[in-house]
Amino acid sequence: MLDEYTESFLRSILTIAASVTVATYCLWAFDRTGLLAAGHHVVWIELTVVPLVLSVLHIFRLLDAGHGGEPEQLVLRDHVLQAYAGLWLLLVILGLYA
């Protein structure tokens, strides 16, 4: 059954899923109604978009080079992806507590 899916179809689905993910995250990050009411520094939350987009692009690069696999193994062994996650977490913490 899996042989019915062509490589080009799967790449298209991957691109659509990544686009929807980034767009949805941007809508959340730039929505000023919830965080402003709590008095948080929204600019830090908005900046979390940068490591998210860089992470998605990095994953695309890895997949294109044939280094895909189980997502949890990819996260555990790829230090660049871990650095992006750390930057994202730092920005979220700054946005919530700074």
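Note: the structure precedes this text.
Overview of the structure. (Residues numbered from 1 in each chain as written. Predicted model: local features only at pLDDT ≥ 70, side-chain atom pairs only at ≥ 80, totals over all residues. Heavy atoms only, no water.)

A word on the side chain of T48. Relative to the helices and strands, T48 is located in the loop between helix 3 (42-47) and helix 4 (49-64). A distance of 2.7 Å separates polar atoms of two side chains, one belonging to T48 and the other to Y25. Polar side-chain contacts of T48 include one of 2.5 Å to the backbone oxygen of I45. Not counting residues within four places of it along the chain, the set of residues in contact with T48 comprises Y25, A29, W88, L91 and V92. (Helix = DSSP H or I, 4+ residues; strand = E, 2+ residues; numbered from the N terminus. Polar contact = N/O pair within 3.5 Å; in protein donor to acceptor, adjacent residues only side chain to side chain. Contact = heavy atoms within 4.5 Å.)

On to helix 4, then. An α-helix turns once per 3.6 residues; consequently, residues spaced three or four apart project the same way. The terminal C-alpha atoms of helix 4, which comprises 16 residues, lie 23 Å apart, in line with the 22 Å expected from a rise of 1.5 Å per residue. Among all positions in helix 4, only V49, P51, L52, S55, V56, H58 and L62 are buried. (Expected span 1.5 Å × (residues − 1). Buried < 20%, exposed > 50% of the residue type's maximum accessible area, 1.4 Å probe, protein only.)

Attention now moves to the pattern of salt bridges. A full pass over the atoms with the stated rule returns 2 salt bridges. Between E7 and R11 there is a salt bridge whose closest N-O contact spans 3.2 Å. In this pair, E7 and R11 are both assigned in helix 1 (residues 7-29), 4 residues apart and thus about one turn of the helix distant. Taking relative accessible area as the criterion, E7 reaches 55% and is therefore assigned exposed. In this structure R11 comes out as partly exposed when scored by relative accessible area, which is 39%. Across the pair R11 and D64 runs a salt bridge whose closest N-O atoms are separated by 4.0 Å. (Salt bridge = Lys/Arg side-chain N within 4 Å of Asp/Glu carboxyl O.)

So, about the packing of aromatic side chains. Under the criterion given, the structure shown has 2 aromatic pairs. Ring geometry for Y5 versus F9: centroids 5.8 Å apart, planes at 15 degrees, classification stacked. Considering the side-chain rings of Y25 and W28, the 5.4 Å spacing of their centres and the 50 degrees angle between planes classify their relative orientation as tilted. Remark: W28 and Y25 occur in helix 1; sequence separation between them is 3 residues, near one turn of the helix. (Phe/Tyr/Trp six-rings, centres within 6.5 Å; stacked < 30°, edge-to-face > 60°.)

Bringing the environment of G86 into the picture now. When you line up the elements, G86 lands in helix 6 (residues 79-97). Between the alpha carbons of G86 and P51 there is a distance of 9.0 Å; along the sequence they are 35 residues apart.

Here we take up a nonpolar patch on the surface. Together, M1, L2, Y5, F9, L10, I13, I16 and V20 line one region of the surface with nonpolar side chains, adding up to about 860 Å² of accessible area. Tracing the backbone through its elements, the reader meets I13 in helix 1. (Patch = residues over 30% accessible without salt bridge, like charges linked within 9 Å, V, L, I, M, F, W, Y side chains within 5 Å. Areas by Shrake-Rupley, 256 points an atom, 1.4 Å probe, with all protein chains shown as cover.)

For the rest of this paragraph, the subject is the nonpolar core. Ranked by size, the top nonpolar core spans 8 residues in total: A18, V22, Y25, A29, I45, V49, L52 and V56. Of all elements in the fold, only helix 1 and helix 4 reach the threshold of two or more residues within this core. For this core, the element with the most residues is helix 1, which contributes 4 residues. (Core = buried A, V, L, I, M, F, W, Y, C linked by side-chain atoms within 4.5 Å.)

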